[in-house]
Amino acid sequence: MSRTAYISSIEYYLPEKTLTNEQINIEHPEWAVDKISAKTGIFTRHLADENEFSSDLGFKAASKLLVKNKEFKDKIDYLIFCTQTPDYLIPATACLLQDMLGLNKNIGAIDINMGCSGFVYGLSYANGLICSEQAKNVLLVTSETYSKFINPLDKNNKTIFGDGASATLITASSNQNLKGAIKKFDFFTDGGEYDKLIVKNSGLKFRDNEYMDILNNEGGFIRNDGSLFMDGRAIFQFVCFQVPLNIELLLKKNNLKIEEIDLFIFHQSNAYMINFMRKICKIPEHKFFVHLEDYANTVSSTIPIALNEAIEQNKIKKGMKVLLTGYGVGLSVASTILEY
Amino acid sequence: MIDENVFIERLAEVLFETNEITLTKGTYFRQHDDWDSLTGMAVQVMIKSNYNVELPVDVFESLNTVGDIYNFVINNASNNE
């Protein structure tokens, strides 16, 4: 009998340090507190401390998961760590985490470099490993400290992004009726737009250059090649046109109609953007989960955090189909469906 | 022919969170509380997806009323609805 991969547990961790809208308003008085929350849906974001890195956040999320699932600690045979802010370029942070968590040494451990679509990408790797019988119990950890790349003058990115980590246990079963079963995926990549969301000085290609803040005529921050740069307009357009197409193809692959999806969990980029996409996709409000007020955009962790919250709120019941879609840096889109 | 009422309805849906505000061709949309760069991006997407018209940022910055946007779309749409 063929194997099915299913999500059996999710946990997450947010750093203790926070940045509120009021604090942002003090630094940028032109950014009104109520307008920030009304538009973005965000009230607070969590930030990694100076000495807190992706491995540390990932460790805390995974530790919570392993406390809840003690019987799995020795059974995990593959660790996938999704991050764009690794502790080192060499070696993979997944290897550090194997040791930090005290996992068996006879396991696979690998990093994947993907941002807001990273959780869905991670699920596709886990699904592939399980269905091809290379692994039985995969630990997928997403962890980002984007705040370390955000320029102090950059009020836009400062407002939107928060740090955080998630840990998800994906396990194999021959029982087709287990809740959280992972269905088929759909992906989209447009590397021609790679520079629309980028830290130019994050690898080897531009490491010798000197970087300075580039400001507009009014003194507003535009970019610094050593900091995170996001062309919000390009991302907005990409997402609004590409995500609906991706969802259409995903539904076709899974032989489903949009009406048969019970809950949609999009990458929680900001409330205005995802609600606008909801309207484009003609998704009823009650089927659309929005949850970012106390977390902000935690990059690859927004979907697992929201999924966990939807489960906690009892919004996902047996028999339901949940559509997940992540999008952003790459530029990329990745979607899948879970059956509960 | 692009239906003016449908166009204004679509624009209002993008511009305002509430249905209580009446939009006319003379409305100065930039003066409304809900207006900001995110709303502007949504307007560009609405125009492109419904009328297949690209509204470049520099042109958009010179438009101030609903009528300005409507006229731009009318003048640049290759096949009217």
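Structure report, in brief. Everything numeric here is computed off the predicted structure, so don't read it as measured data. (Residues numbered from 1 in each chain as written. Chains lettered and ligands numbered in written order. Predicted model: local features only at pLDDT ≥ 70, side-chain atom pairs only at ≥ 80, totals over all residues. Heavy atoms only, no water.)

## Examining the overall build of chain B
Of regular secondary structure, chain B possesses four helices and zero strands. In chain B, the succession of α and β elements from N to C terminus is α-α-α-α. Here the C-alpha atoms of chain B give a radius of gyration of 12 Å, agreeing with the 12 Å that 2.2 N^0.38 yields for 81 residues. Within chain B, the proportion of its 81 residues that are buried is 43%. Long-range contacts, defined as pairs at least 24 residues apart, comprise 62% of the intrachain contacts of chain B with a sequence gap of at least 6. Of the accessible surface of chain B, which amounts to about 4,400 Å², a share of 43% is contributed by carbon and sulfur atoms. Positive and negative side-chain charges of chain B, numbering 4 and 14 respectively, have mean locations separated by a distance of 7 Å. (Helix = DSSP H or I, 4+ residues; strand = E, 2+ residues; numbered from the N terminus. Rg over C-alpha atoms; globule rule 2.2 N^0.38 Å. Buried < 20%, exposed > 50% of the residue type's maximum accessible area, 1.4 Å probe, protein only. Contact = heavy atoms within 4.5 Å. Areas by Shrake-Rupley, 256 points an atom, 1.4 Å probe, with all protein chains shown as cover. Lys, Arg positive; Asp, Glu negative; His and termini not counted. Charge placed at Lys NZ, Arg CZ, Asp CG, Glu CD.)

## A closer look at the nonpolar core
Soluble, globular proteins show a tendency: their nonpolar side chains are buried together. Counting residues in each nonpolar core, the largest one holds 65 residues, and the members touching the most others are Phe236, Phe266 and Tyr327 of chain A together with Phe7, Leu11, Val43 and Ile69 of chain B. Taken together, the elements giving at least two residues each to this core come down to helix H7 (232–253), strand E13 (263–266), helix H8 (271–280), strand E14 (321–328) and strand E15 (332–339) of chain A together with helix H1 (4–15), helix H2 (37–51) and helix H4 (66–76) of chain B. (Core = buried A, V, L, I, M, F, W, Y, C linked by side-chain atoms within 4.5 Å.)

## Overview of the environment of lysine 183 of chain A
Residues and elements named next belong to chain A. Tracing the chain through its elements places lysine 183 in strand E8 (residues 181–189). Lysine 183 has contacts with Asn127, Asn254, Thr336, Ile337 and Glu339, leaving out every residue within four places of it along the chain. At 3.2 Å, the side chain of lysine 183 forms a polar contact with the side chain of glutamate 339. (Polar contact = N/O pair within 3.5 Å; in protein donor to acceptor, adjacent residues only side chain to side chain.)

## Concerning the pairing of E15 of chain A
Regular strands place side chains that alternate from one sheet face to the opposite one. All names here are of chain A. In terms of burial, E15 is a largely internal element, seven of the eight residues being buried. Relative to E15, E8 runs antiparallel, the two sharing seven bridges. Paired with phenylalanine 187 across the bridge in E15 is alanine 334. The pairing of E14 with E15 spans eight bridges and is antiparallel. Note that in E15 the partner of leucine 323 across the bridge is isoleucine 337. Linkage of E14 to E15, two consecutive antiparallel strands, is achieved through a turn of three residues, within which glycine 330 is found at a positive phi near 145°. (Pairing = 2+ DSSP bridges.)

## Some words on the packing of aromatic side chains
Residue and element names in this part refer to chain A. Taken as a whole and assessed by the stated rule, the structure comprises 13 aromatic pairs over all chains. Here tyrosine 12 and tyrosine 295 contribute two aromatic rings whose centre-to-centre distance is 5.8 Å and whose plane-to-plane angle is 85°, an arrangement assigned as edge-to-face. Of this pair, tyrosine 12 sits in strand E1 (residues 4–13) while tyrosine 295 sits in the loop between H8 and helix H9 (302–312), placing them 283 residues apart in sequence. Tyrosine 295 shares its class with tyrosine 12; the two are buried. Here the aromatic residues Tyr121, Phe185 and Phe187 are joined through ring pairs into a cluster of three or more. (Phe/Tyr/Trp six-rings, centres within 6.5 Å; stacked < 30°, edge-to-face > 60°.)

## Remarks on the environment of glycine 220 of chain A
Residue and element names in this part refer to chain A. Within the secondary structure, glycine 220 sits in the loop between strand E10 (214–215) and strand E11 (221–223). In sequence terms glycine 220 and isoleucine 26 are 194 residues apart; their C-alpha atoms lie 16 Å from each other. What glycine 220 contacts, discounting residues up to four positions off in sequence, is Ile214 and Leu215.

## Notes on the interface of chain B and chain A
The accessible area lost on association of the parts is a frequent measure of interface size. Facing the 17 residues of chain B at the interface are 13 residues of chain A. Here chain B is connected to chain A by one salt bridge. One salt bridge in this structure joins aspartate 36 of chain B and lysine 39 of chain A, with 3.5 Å as the shortest N-O distance. Broken down by secondary-structure element, the contributors of at least two residues to the side of chain B that touches chain A are H1 and H2 of chain B. Residue contributions to the side of chain B that touches chain A peak at nine residues, all from H2 of chain B. (Salt bridge = Lys/Arg side-chain N within 4 Å of Asp/Glu carboxyl O.)

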